[in-house]
Amino acid sequence: MSSGNSPVNSYVPYQVVSNNGSEQRAIILKYLRKWPWFVVSISIMLIAAYVVLLFQQPIYKVEAKVLFDDKKDNDVKSVLQENQPVAPKKVIENEVEILRSGSLMTTVVEKLHLEHSYFKKTKYGNRAIYKDSPVQLIVEQGNDALYKKPLQLTFPSNETVQINGANYPLNQTVQTPYGRLQVRALTAVLDTLPGIQIQAGQVAGVAKGLANKMKVEPTSKLSSVIVLTLEDAVAERGEDILNTLIKEYNTAAIVDKNKSAANTLDFLDNRLRMVTGELASVERNVESYKANQGITDLSAQAQTFLQTAKENDSQLNQVNIQLAALNDLQQYINSQSSNRGGTPATVGLSDPVLLSLIAKMSQLELQRNDLSRTVSDENPTLQSLDTQIKTTKKNIIENVQTMKTMLNRSKEGYVAKNTDLESQIRSIPQQERSLMNITREQSIKTSLYNLLLQKREETAMAFAAAVSDSRTISPAESSDTPVKPVKPLFFMLFGLVGLLLPLGVVAGKDLFNNRIMRRQDVEANTAVPILGELSKERQNKALVITEKNRSMIAEQIRTIRTNLQFLRDDPSANQVIMFTSSISGEGKSFISMNLGASLALVNKMTVIIDMDLRIPKLHQLINIDNTPGVSNYILGEASLDEVIQPVPGYKNYFIIPSGTASQNPSELLNDPRLEQMIAELKERFQSIIIDTPPVGLVSDAQVIAPLADTTLYVVRHSVTPKSYLKMIDMLYRENRFNRLNLVLNTVEGEGGYYYGNGNKKNKYYAQADKRNWLPAYQSVRSILKQ
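One structure accompanies this document, and this report is about it. Since we're looking at a predicted model, the values are computed, not measured.

Time to look at unusual backbone geometry. Between lysine 484 and proline 485 the backbone carries a cis peptide bond, its omega angle lying at -10°. Positionally, proline 485 belongs in the loop between β13 (470-478) and α14 (487-511). Residue proline 628 follows threonine 627 across a cis peptide bond; omega there is -5°. Relative to the helices and strands, proline 628 is located in the loop between α18 (618-622) and α19 (630-634). In this model, histidine 113 sits at a positive phi of 55°, which is unusual for a non-glycine residue. You can see histidine 113 is positioned in the loop between α5 (102-112) and β2 (117-122). Its relative accessible area of 49% is what places histidine 113 among the partly exposed residues. Non-glycine residue asparagine 623 carries a positive phi angle of around 60°. Turning to its location among the elements, asparagine 623 is positioned in the loop between α18 and α19.

Glancing now at the packing of helix α16 (residues 552-563) against helix α17 (residues 588-601). Following both chains from N to C, one finds α16 and α17 inclined at 70°, their axes separated by 9 Å at the closest point. Regarding the angle of α16 to α17, the classification is roughly perpendicular. Packed against α16, whose contacting residues are Ile557, Arg558, Ile560 and Arg561, the element α17 presents Asn594, Leu595, Ser598 and Leu599 at the interface. Tallied by class, residues from the contact of α16 with α17 come to 4 nonpolar, 2 polar and 2 charged.

Here we take up the environment of tyrosine 168. The topology assignment puts tyrosine 168 in strand β7 (residues 166-169). On a C-alpha basis, the gap between tyrosine 168 and phenylalanine 155 in space is 9.8 Å, while along the polypeptide they are 13 residues apart. Beyond its immediate sequence surroundings of up to four residues, tyrosine 168 is in contact with Glu159, Thr160, Val161, Ile163, Val174, Gln175, Thr176 and Pro177.

Sheet strands line up and pair through hydrogen bonds in the backbone, either parallel or antiparallel. The 4 strands are arranged β11-β12-β1-β13 in an open sheet whose pairing can be described as antiparallel. Bordering the open sheet on either side are β11 (215-218) and β13, each of which pairs with just one other strand. Taken over all neighbouring pairs, the strand axes of this sheet differ in orientation by 15° on average, direction set aside. Inspection of the sheet shows strand β1 (residues 60-68) paired to strand β12 (residues 225-232) by 8 bridges, in the antiparallel sense. Residue pairing in the sheet places lysine 61 in a bridge with glutamate 231 of β12. The sheet strands contacting helix α7 (residues 203-213) are β11 and β12, and the helix crosses β12 at an angle near 120°.

Further remarks concern the packing of aromatic side chains. Tallied over the full model, the rule gives 5 aromatic pairs. Between tyrosine 650 and tyrosine 653 the ring centres are 6.0 Å apart and the planes differ by 85°, which places this aromatic pair in the edge-to-face class. With respect to class, tyrosine 650 is no different from tyrosine 653; both count as buried. Over the ring of tyrosine 633 we find arginine 673, and its NZ or CZ is 4.4 Å from the ring centre.

Close approach of charged atoms allows side chains with opposite charge to pair. Tallied over the entire structure, the rule returns 16 salt bridges. With a closest N to O distance of 3.0 Å, glutamate 231 and lysine 484 form a salt bridge. With glutamate 231 in strand β12 and lysine 484 in the loop between β13 and α14, this residue pair connects regions lying 253 residues apart in the sequence. On the basis of relative accessible area, glutamate 231 is assigned to the partly exposed category, the value being 26%. According to the relative accessible area criterion, lysine 484 is partly exposed, its value standing at 41%. A salt bridge links arginine 558 to glutamate 555, with the nearest nitrogen and oxygen atoms 3.0 Å apart. Within this pair, arginine 558 and its partner glutamate 555 are both found in helix α16, separated by 3 residues, close to a single helical turn. Judged on exposure class, the residue arginine 558 and its partner glutamate 555 are both buried.

A word on the pairing of strand β8 (residues 173-176). Burial along β8 is one-sided: Val174 and Thr176 are buried, and none of Thr173 and Gln175, which face the opposite way, are. If you look at the hairpin formed by β8 and strand β9 (residues 179-185), you'll find 2 residues sitting between the two strands.

Between α5 and α7, whose axes approach to 8 Å, the crossing angle comes to 115°. Relative to α7, the crossing made by α5 is right-handed. Note on element contacts: α7 touches α5 through Val203, Val206, Ala207, Leu210 and Ala211, opposite Gly102, Met105, Thr106, Val109 and Glu110. Of the residues belonging to the contact of α5 with α7, the class tally is 7 nonpolar, 2 polar and 1 charged.

Among the surface-exposed residues, Ile47, Tyr50, Val51, Phe55 and Tyr124 lie close enough to one another that they form a single nonpolar patch of about 490 Å² accessible area. Here phenylalanine 55 shows up in the loop between α2 (35-54) and β1. Phenylalanine 55 gets classed as partly exposed once you look at its relative accessible area, which sits at 45%.

A few words on the environment of alanine 262. As for its placement among the helices and strands, alanine 262 is situated in helix α9 (residues 259-293). Judged by relative accessible area, alanine 262 falls into the partly exposed class, the value being 27%. Along the chain, alanine 262 and threonine 459 lie 197 residues apart, while their C-alpha atoms are 8.5 Å from each other.

Now for the nonpolar core. Counting 44 residues, the largest nonpolar core has Ile609, Met611, Ile656, Met677, Leu681 and Ile690 as the members making the most contacts within it. If we skip the residues at most four places from it in the chain, leucine 681 touches Val607, Ile609, Leu640, Ile644, Ile656 and Ile688. Core analysis: the second largest hydrophobic core is formed by 33 residues, Ile59, Val234, Ile246 and Tyr249 among them.

In this section: the sheet that holds β9. One open sheet accounts for 3 strands, arranged β4-β9-β8; its pairing is antiparallel. The open sheet has two edge strands, β4 (135-142) and β8, and neither has a second partner. Going across the sheet, the axis of each strand differs from the next one's by a mean of 30°, ignoring polarity.

Criteria and cut-off values
Along each chain, numbering runs from 1 in the same order as the chain's sequence is written. Local features in this predicted model are restricted to residues whose pLDDT is 70 or higher, and side-chain atom pairs enter the listing and the counts only when it is 80 or higher, whereas totals over whole chains, interfaces and linings include all residues. Excluding hydrogens and water, the side-chain values take into account all heavy atoms of the structure. The numbering of helices and of strands both runs from the N terminus, where a helix is a DSSP run of H or I of at least 4 residues and a strand a run of E of at least 2. Partly exposed describes any residue whose relative accessible area lies between the buried limit of under 20% and the exposed limit of over 50%, with all areas from a 1.4 Å probe on protein chains only and scaled to the type maximum. Axis definition: a line fitted to C-alpha atoms, over the contacting stretch in the case of helices. Angles run 0 to 180 degrees between N-to-C directions. Should an angle fall under 35 degrees it is called roughly parallel, over 145 degrees roughly antiparallel, and 65 to 115 degrees roughly perpendicular, with every other angle called oblique. Between two residues, a contact is recorded if the distance between any of their heavy atoms is within 4.5 Å. All amino acids are sorted into three groups, where Ala, Val, Leu, Ile, Met, Phe, Trp, Tyr, Cys and Pro are nonpolar, Asp, Glu, Lys and Arg are charged, and the leftover types, Gly among them, are polar. Two strands are said to pair when DSSP picks up at least two bridges between them. Ring pairs are drawn from Phe, Tyr and Trp, using the six-membered ring of Trp, whenever the two centres fall within 6.5 Å, and their geometry is named by plane angle: stacked under 30 degrees, edge-to-face over 60, tilted for the rest. Either the NZ atom of lysine or the CZ atom of arginine qualifies as a charge over a ring when it sits within 6 Å of the ring centre and within 35 degrees of the ring normal. A pair is scored as a salt bridge if a Lys or Arg side-chain nitrogen falls within 4 Å of a carboxyl oxygen belonging to Asp or Glu. Should the near helix be turned anticlockwise from the far one by less than a right angle, the crossing is termed left-handed; should it be turned clockwise, right-handed. In this analysis, a patch consists of residues with relative accessible area above 30% that form no salt bridge, clustered at 9 Å for like charges and at 5 Å for the nonpolar side chains Val, Leu, Ile, Met, Phe, Trp and Tyr. Values of accessible area rely on a 1.4 Å probe in the Shrake-Rupley scheme; residue burial ignores everything except the protein chains shown. Put simply, a nonpolar core is a bunch of buried Ala, Val, Leu, Ile, Met, Phe, Trp, Tyr and Cys residues held in one set by side-chain atoms that sit within 4.5 Å of each other.

Put into structure tokens, the structure is as follows:
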């Protein structure tokens, strides 16, 4: 018996398996063995994706493009636009916000009656409908319950509608639990139609939802083309929304653009109404005077004076009109900033500098109005515009004052000339002078009327010719196929879930599993050498070692037999090998029996002793009697020859069963006769194998340990708890067992060197050669066949 108990082993274990990539390889192989579960899981999830897609509402993408014309006259460009190269971009962003504004979308919702959503029932769930709805819901006065849940409508007859189970007449205002409603029929036949679902809504809320859902953005940073995108369940409804939105935007833009012309028209209409009344009164006076005095015509001198007076009065009228326009303009400029929005009338004003300043101010006001919808008053750009507006107004006021001074001087000249003419007219006879005064007044009113009428026609033509700065270059058009749900993405996500479910189950099982699952678990927690490994393989017999058996498990046991030669000091001396484990069921009895058979096949006299006096198993594996045995020998009830029995079917292989059950196995194993038995067996046999109880449960193995030259500790994958590895390492470091080595049992895909039968010829597998792809391929193939 060897006394080599040093924890620092003087030998090198034969089997050294490279760990490079083995961890990853073991994990991959473990999942590959579960491939049927992956196939089933992915298939189920793909079927589920198909079913879910059937019940999904298809969503279409609607897109329209609008070109914003940002051309401006150089003389009306603001300082901000001149100094900033990206000013056009800021204008485009303002237009984007206007298009997304709630007020504009509210108008669209009201015009298209989109506040209520209609759905028809199909075998795949409810589907949105638009113009195909057979009824229209009119809410005269609704309550909160109306907007919380959809209304379920069915039609028992062509004159009756059933709302959530209650019957009401069609086309009549009725009082319901949801408020005062009217369901208006849009088709004559209703009783054959399936049920309709209506989700009532309020205009403001629906408009806000549509505005948030719609995307409005320029095609590029420097482009003035705006793209409007909306996703809707009904393509036609989405197209109507965008087209109506663009139409309302253009209408609003024209209204803003025509504010100046509208103000001028109002001014001219008011003046025309007043002048028309005065002119009619004067004409009646002329007609009455001629009739009373019997005058048909004036003298040539009176005609000359009258013509001169008419020309002077016409010029005086033009001056008065300009002064009136300047007064209106001055009043507008002096008004508070909160009264913005209108543009002053400029009838009769021809000064290019003043008109340029007015146009510039109007443009700045429009820009400020657009910007104020999207930013606060503290915004630097808005403040800059306010500063420019203030400066422009100041310039206008100064210009107006100058023009008023000039016009007042002209007016004084015309008035003085009228005074001279009047003195000359006094020389005309009384009747002619009176008629000339009346006729002169008529001429003044007629001239003023004609001037106002001409200006009104010019303004009306400009008003009618106004167009929006935007142009629709691509009307709303929906996609031919739904953009949502995205079927490839849907199938990919469900397939990924189908892939992750088995992965999660296996990984979760490993996470909560406290058993040893791979070789790396052993190597990471203990310094005990690994003598050999046995792969997981189903066996129908307890003894698999025969002369002709070339199975993988048989070759691995032969490898352990070979490695045992390196665990003895003298190759010719006999060897006592003890087998133990942590708990029951780790396969030590199976391995010890087959190792003994393997030793016997190489003509070594071998005996295996069943030292498990508590729960003996070896006699059951080979179907022999358990008595007499070890306990009978120690008690002196049987001789050594009586307890030794041959193993059926094997020469050179014998067994000593445990014998009669004992009440005190530990005390029995401490008897000196046990050591005597081992000594006698050494004289007869070259190899003595001792199968002991698990060391983690009872102390029997530690009692027998001094009698063994080598101890093989069996660790079984998926059975041995990881917590026992620390105990094994402690036993190794404290030299509780002589030459302690591990045997890994039921290794999945991590065997050492072995032979195997396949395709009627032997093949050699070597995990250590990483350059050869065949071992990995064949390892996977062999595992999948198990």
